[in-house]
Amino acid sequence: MTILASALAPFTLEGKVALISGAAQGLGMEIAALFLDVGASVVLTDINGDAARATADELSAKGPVLGLAMDVADEAAVDAAFAAAASKFGGVDVLVNNAAYRKKASTMDMPVEEWDLMHAVCTRGTFLCLRAAVKQMRGRGGGSIVNISSMSAQHPTIYPNMHYDSAKAGVDAITRLSAVEFARDGIRVNSVLPGGMATPGPNKMRAMEAEGGPKIEGPALIPGRQVLGRIAQPIEMARAVLFLASDAASYITGAELLVDGGFTKG
């Protein structure tokens, strides 16, 4: 038992403080729960502050957790959330940029404002949170940042989805550059690129289509297209995030980890 505990020690977040954006439900909530299970103190943020606080209350039996409102596209809101994290826990060691905007829009009919909103949340939000985290991590001897991208940043999956795919490709570009730029500070930066996942998102997408939204088409909807024959459970993505966030991945930075059940290789 002692040997096993020693071998698994790098896979924990014992004594670390993690901030997770978009964590009131879905994948973000799953990551928060897992991080608490492995010893982290968690700052759980969401644009819906009431939902963030409710989720924090739900998870509080697992460990120290703080629920906060944070609009990742708003610089003042990001700075305020990171300041609250520092006030409560002393600073952030791990950042998971999970917040996203998923509304579908036709390429030819999309209002420019819809394009801007997608990039404001996914790309600018990643930038703002990363920058706020780096400021704190520099004073704590380093840290780990995990950006949640998408397999659609590398491979067409569904359409119309141009604004989302391009925004997530931007997230991966941020990952690659910041991994090099902040390596000297002891900060690792990686991306997880999820495939299809059993979260509320797909149901919302189908509901929007049923209500007259854009028709959803593309390779991901082809029967049998998933190599492993199923979509992922959120915990399977959360475990990949934990690996990259933890010291088990101490020699990994700038990586783009596809967790897509082989979809992009099929």
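These notes cover the structure that comes with them. (Residues numbered from 1 in each chain as written. Predicted model: local features only at pLDDT ≥ 70, side-chain atom pairs only at ≥ 80, totals over all residues. Heavy atoms only, no water.)

### Concerning empty space enclosed by the protein
Here is step 1 of the chain: Taken as a whole and judged by the stated rule, the model has 1 cavity of 30 Å³ or more.
Here is step 2 of the chain: Surrounding the largest cavity, Ser21, Val72, Asn97, Asn98, Ala99, Val121, Cys122, Gly125, Thr126 and Cys129 form its lining.
Here is step 3 of the chain: Residue classes in the lining of the largest cavity are distributed as 5 nonpolar, 5 polar and no charged. (1 Å grid on protein atoms, 1.4 Å probe; cavity = no way out; pocket = protein on both sides within 12 Å on 5 of 7 lines; lining within 4 Å. Points joined across faces, edges and corners; volume = space filled by probe spheres on them. Nonpolar A, V, L, I, M, F, W, Y, C, P; charged D, E, K, R; others polar.)

### With respect to the side chain of Asn98
Here is step 1 of the chain: Relative to the elements of secondary structure, Asn98 occurs in the loop between β4 (94-97) and α5 (112-138).
Here is step 2 of the chain: Sequence-distant contacts of Asn98, defined by excluding residues within four places in its chain, comprise Ile20, Ser21, Gly22, Leu27, Gly28 and Ile148. (Helix = DSSP H or I, 4+ residues; strand = E, 2+ residues; numbered from the N terminus. Contact = heavy atoms within 4.5 Å.)

### Some thoughts on the packing of aromatic side chains
Here is step 1 of the chain: Inspection of every chain in the model, using the stated rule, returns 1 aromatic pair.
Here is step 2 of the chain: Positioned above the aromatic ring of Tyr164, the side-chain terminus of Arg102 is 4.6 Å from the ring centre.
Here is step 3 of the chain: The positively charged end of Lys104 is found above the aromatic ring belonging to Tyr164, 4.9 Å away from the centroid. (Phe/Tyr/Trp six-rings, centres within 6.5 Å; stacked < 30°, edge-to-face > 60°. Lys NZ or Arg CZ within 6 Å of the ring centre and 35° of its normal.)

### A few points about the packing of helix α4 (residues 75-89) against α5
A pair of packed helices is characterised by two quantities: the angle between their axes and the separation of those axes.
Here is step 1 of the chain: Running from N to C, α4 and α5 point in directions that differ by 35°, and their axes come no closer than 10 Å. The interaxial crossing formed by α4 with α5 has right-handed handedness. When α4 is examined against α5, the residues Glu75, Val78, Asp79, Phe82, Ala83 and Ala86 are found in contact with a partner set consisting of Leu128, Cys129, Arg131, Ala132, Ala133 and Gln136.
Here is step 2 of the chain: In terms of residue class, the contact of α4 with α5 is built from 8 nonpolar, 1 polar and 3 charged. (Axes fitted to C-alpha atoms, helices over the stretch in contact; angles between N-to-C directions. Left-handed = near helix turned anticlockwise from the far one by under 90°.)

### Section: the environment of Gly91
Here is step 1 of the chain: Inspection of the secondary structure assignment puts Gly91 in the loop between α4 and β4.
Here is step 2 of the chain: Its relative accessible area of 1% is what places Gly91 among the buried residues.
Here is step 3 of the chain: Each C-alpha atom of the pair Gly91 and Ala18 lies 8.8 Å from the other, and the pair is 73 residues apart in sequence.
Here is step 4 of the chain: In this view, Gly91 contacts Val17, Ala85, Ala86, Gln136 and Arg140; residues no more than four positions away in its chain are not counted. (Buried < 20%, exposed > 50% of the residue type's maximum accessible area, 1.4 Å probe, protein only.)

### As for the layout of surface pockets
Here is step 1 of the chain: Reported here for the second largest pocket is a volume of approximately 170 Å³.
Here is step 2 of the chain: Around the second largest pocket, the lining comprises 14 residues; the ones closest to its centre are Lys16, Gly142, Gly143, Ser144 and Asp247.
Here is step 3 of the chain: Its residues assigned to classes, the lining of the second largest pocket shows 3 nonpolar, 6 polar and 5 charged.

### Re a nonpolar patch on the surface
Here is step 1 of the chain: A cluster of nonpolar side chains, contributed by Leu4, Leu8 and Phe11, occupies part of the molecular surface with about 280 Å² of accessible area.
Here is step 2 of the chain: Of note, Leu4 is situated in helix α1 (residues 2-8). (Patch = residues over 30% accessible without salt bridge, like charges linked within 9 Å, V, L, I, M, F, W, Y side chains within 5 Å. Areas by Shrake-Rupley, 256 points an atom, 1.4 Å probe, with all protein chains shown as cover. Salt bridge = Lys/Arg side-chain N within 4 Å of Asp/Glu carboxyl O.)

### Notes on the pattern of salt bridges
Here is step 1 of the chain: Counted by the stated rule, this structure contains 7 salt bridges.
Here is step 2 of the chain: Its salt-bridge partner being Asp37, residue Lys62 comes within 2.9 Å of it at the nearest N-O pair. With Lys62 in the loop between α3 (49-59) and β3 (65-69) and Asp37 in helix α2 (residues 26-37), the pair connects residues that are 25 residues apart, well separated along the chain.
Here is step 3 of the chain: For Glu75, the salt bridge is made with Arg131, and the minimal N-O distance between the two is 3.1 Å.

### Some words on α4
Here is step 1 of the chain: In a regular helix each residue adds 1.5 Å, so 15 residues correspond to 21 Å; α4 covers 21 Å between its end C-alpha atoms and thus fits that length.
Here is step 2 of the chain: Here α4 has its buried residues at Val78, Ala81, Phe82, Ala85 and Phe89. On an axial view of α4, the arc spanned by its buried residues comes to 95°, and they lie on one face. Turned more than 90 degrees away from the buried face of α4, the exposed residues are Ala76 and Ser87.
Here is step 3 of the chain: Between a side-chain oxygen at the N-terminus of α4 and the backbone nitrogen of Ala76 the separation is 3.0 Å; the capping residue is Asp74.
Here is step 4 of the chain: In the segment just after α4, Gly90 is the residue with positive phi, at about 100°. (Expected span 1.5 Å × (residues − 1). Arc of directions from axis to C-beta. Polar contact = N/O pair within 3.5 Å; in protein donor to acceptor, adjacent residues only side chain to side chain.)

What is shown is where atoms sit, not what they do.
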